[in-house]
Amino acid sequence: MVPSQLSYDSSLSACAQNVDSFSSTHSGSIPVRFIAHEGQEEAADVNAVTSWYNPSEIEIITEQVQEVMESSFGTLKPQDIAIMAPYREQVVRLRLALRKVQLSAVTVGTVEDYQGAEARVVIISVVRTQVRFLKQDKDHGVGILHEPRRSNVALTRAKELLIVVGNPVLMWDDNTWKNWLLFCKRNGTYTGLGSPEHSDEFANEYVPSSLENAFHDRQEHRPSLGSGSQNVEQYSDQAMLLAGDEAQEILDNLDF
């Protein structure tokens, strides 16, 4: 998967246990989804660099949490879901939105809040959609775009299902997120707004990681699976693409 390929030299391995199918929450065979949108972010306080929030993403994520809960058939608890956002205002507003639908037990925090932690389901809210604010983010060390360490922390926290919500046009100019978009395009897990220009062409040139190749190779040689232990094995394979060694936190030592 992308974090493994870019930051871990394709060395991530499976660690999830008791993996369940979230059959209606993602298309394709890999439990990831990118949901593209074009709703713009707003600032609660123009003088506060962490006061950004995105109403469109709040709405999408609230719906996704409800959908994931419903599709788990009671096997998933709200506290099994973690939502990450790079701005404190988005965190606050997501908590309020979830409280309104009786899902206040879902954990919501900044990416830094989840350093060294994992969750069965992770949803990432990118928030930023306007290029003119990227310099402000960079100057103050906030945001998730063009921040490879922060991006890779976020992308490697999920054990069973990973959902990213963002604007693909802005994300396309960030190498980490560009590769994420191409990964989703190749594996049929890109939904929502149309993809950036030329992304289909680049998707054909994208080189899968060894973990991705191993997963697809096993899927091609395996008969259709139903319920039971075989189904758990299938989703354990899928989790291999998402989760690494829980005890190892090496992102701070990466040389970008």
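Reading the values: rules and limits
Residues numbered from 1 in each chain as written. Predicted model: local features only at pLDDT ≥ 70, side-chain atom pairs only at ≥ 80, totals over all residues. Heavy atoms only, no water. Core = buried A, V, L, I, M, F, W, Y, C linked by side-chain atoms within 4.5 Å. Buried < 20%, exposed > 50% of the residue type's maximum accessible area, 1.4 Å probe, protein only. Helix = DSSP H or I, 4+ residues; strand = E, 2+ residues; numbered from the N terminus. Phe/Tyr/Trp six-rings, centres within 6.5 Å; stacked < 30°, edge-to-face > 60°. Lys NZ or Arg CZ within 6 Å of the ring centre and 35° of its normal. Pairing = 2+ DSSP bridges. Axes fitted to C-alpha atoms, helices over the stretch in contact; angles between N-to-C directions. Contact = heavy atoms within 4.5 Å. pLDDT = per-residue confidence, 0-100. Salt bridge = Lys/Arg side-chain N within 4 Å of Asp/Glu carboxyl O. Expected span 1.5 Å × (residues − 1). Polar contact = N/O pair within 3.5 Å; in protein donor to acceptor, adjacent residues only side chain to side chain.

> Help me out: how do you make sense of the nonpolar core in this one?
If you look at soluble globular proteins, the nonpolar side chains tend to sit buried side by side. Phe 34, Ile 124, Leu 162, Val 164, Met 171, Trp 177 and Trp 180 are the most contacted members of the largest nonpolar core, which has 31 residues in total. Elements that contribute at least two residues to this core include exactly β1 (32-36), β4 (81-84), β6 (119-125), α5 (148-155), β7 (158-166), α6 (168-171) and α7 (175-186). No other element matches the 6 residues that α7 contributes to this core. Listed in part, the 23 residues of the second largest apolar core include Ile 35, Leu 76, Leu 94 and Ile 163.

> Would you mind showing me how to read the packing of aromatic side chains here?
Pairs of aromatic rings are described using the distance from one ring centre to the other and the angle between the two planes. Applying the stated criterion across every chain yields a total of 4 aromatic pairs. Judged by centre distance (4.5 Å) and plane angle (50 degrees), the ring pair of Trp 52 and Phe 133 falls under tilted. In this pair, Trp 52 sits in strand β3 (residues 52-53) while Phe 133 sits in the loop between β6 and α4 (134-140), placing the two residues 81 residues apart along the sequence. By the burial criterion, Trp 52 is buried, and Phe 133 matches it. An aromatic cluster is defined as three or more aromatic residues linked by ring pairs; in this entry it consists of Trp 177, Trp 180 and Phe 183. Against the face of Tyr 53 rests Arg 93, its NZ or CZ located 3.6 Å from the ring centre.

> Is there a simple way to think about the sheet that holds β7 in this case?
In a beta sheet, neighbouring strands are held together by backbone hydrogen bonds and run either parallel or antiparallel to one another. Read across the sheet, 6 strands follow the order β5-β4-β6-β7-β1-β8 without closing on themselves; strand pairing throughout is parallel. The open sheet has two free edges, formed respectively by β5 (107-109) and β8 (190-192), since each of these has just one partner strand. Taking the axes of each pair of neighbouring strands and ignoring which way they run, one obtains an average angle of 20 degrees across the sheet. Where helix α2 (residues 55-71) meets the sheet, it contacts β1, β4, β6 and β7, and its direction lies at approximately 150 degrees from that of β7. Sheet strands in contact with α5 are β4, β6 and β7, and its direction is about 140 degrees off that of β6.

> Would you mind showing me how to read the confidence of the model for the chain here?
For any part of a model where pLDDT is low, the fine detail of the predicted coordinates should not be relied upon. Averaged over every residue, the pLDDT of the chain is 78; the share at 70 or more is 64%. The low-confidence segment residues 243-256 (pLDDT under 50) makes 32 contacts with residues lying over four places distant or belonging to another chain.

> Explanation requested: the pattern of salt bridges in the structure shown.
It is possible for side chains bearing opposite charge to pair when their charged atoms get close. According to the stated counting rule, one finds 8 salt bridges in the structure shown. Close ionic contact of Arg 120 with Asp 80 constitutes a salt bridge, the shortest N to O distance being 3.4 Å. One end of the pair, Arg 120, is in strand β6; the other, Asp 80, is in the loop between α2 and β4, and 40 residues separate them in sequence. Arg 88 serves as the salt-bridge partner of Asp 113, at 3.7 Å between the closest nitrogen and oxygen. Taken together, the positions of Asp 113 in the loop between β5 and β6 and Arg 88 in helix α3 (residues 88-100) put the pair 25 residues apart, joining distant regions of the chain. Classification of Asp 113 by relative accessible area gives partly exposed; the value is 44%.

> Could you clarify how one ought to interpret the pairing of β7 in this entry?
Consecutive side chains along a regular strand alternate between the two faces of the sheet. Within β7, 8 of the 9 residues are buried, which leaves the element mostly enclosed by the surrounding structure. Here β6 runs beside β7; their pairing, made up of 6 bridges, is parallel. Directly across from Val 121, in β7, lies its bridge partner Leu 161.

> What's the story with α2 in this structure? I'm lost.
For the α-helix, the turn length of 3.6 residues means that residues three or four positions removed from each other point alike. When the terminal C-alpha atoms of α2 are compared, their 25 Å separation across 17 residues agrees well with the 24 Å that a helix rising 1.5 Å per residue should span. Within the sequence span of α2, burial applies to Glu 57, Ile 58, Ile 60, Ile 61, Thr 62, Gln 64, Val 65, Val 68, Met 69 and Ser 71. For α2, the elements touching its buried residues are β1, β4, α3, β6 and β7. With a side-chain oxygen positioned 3.1 Å from the backbone nitrogen of Ser 56, the residue opening α2 is Asn 54. Phi turns positive one or two residues past the end of α2, at Phe 73, with a value near 55 degrees.

> Sorry if this is basic, but what is going on with unusual backbone geometry here?
Trans is the common state for peptide bonds, and a negative phi is the common state for residues other than glycine. Even without a glycine there, the phi angle at Phe 73 is positive, about 55 degrees. By the element assignment, Phe 73 lies in the loop between α2 and β4. Of note, Gln 102 is a non-glycine position whose phi angle comes to about 60 degrees, a positive value. With respect to the secondary-structure elements, Gln 102 resides in the loop between α3 and β5.

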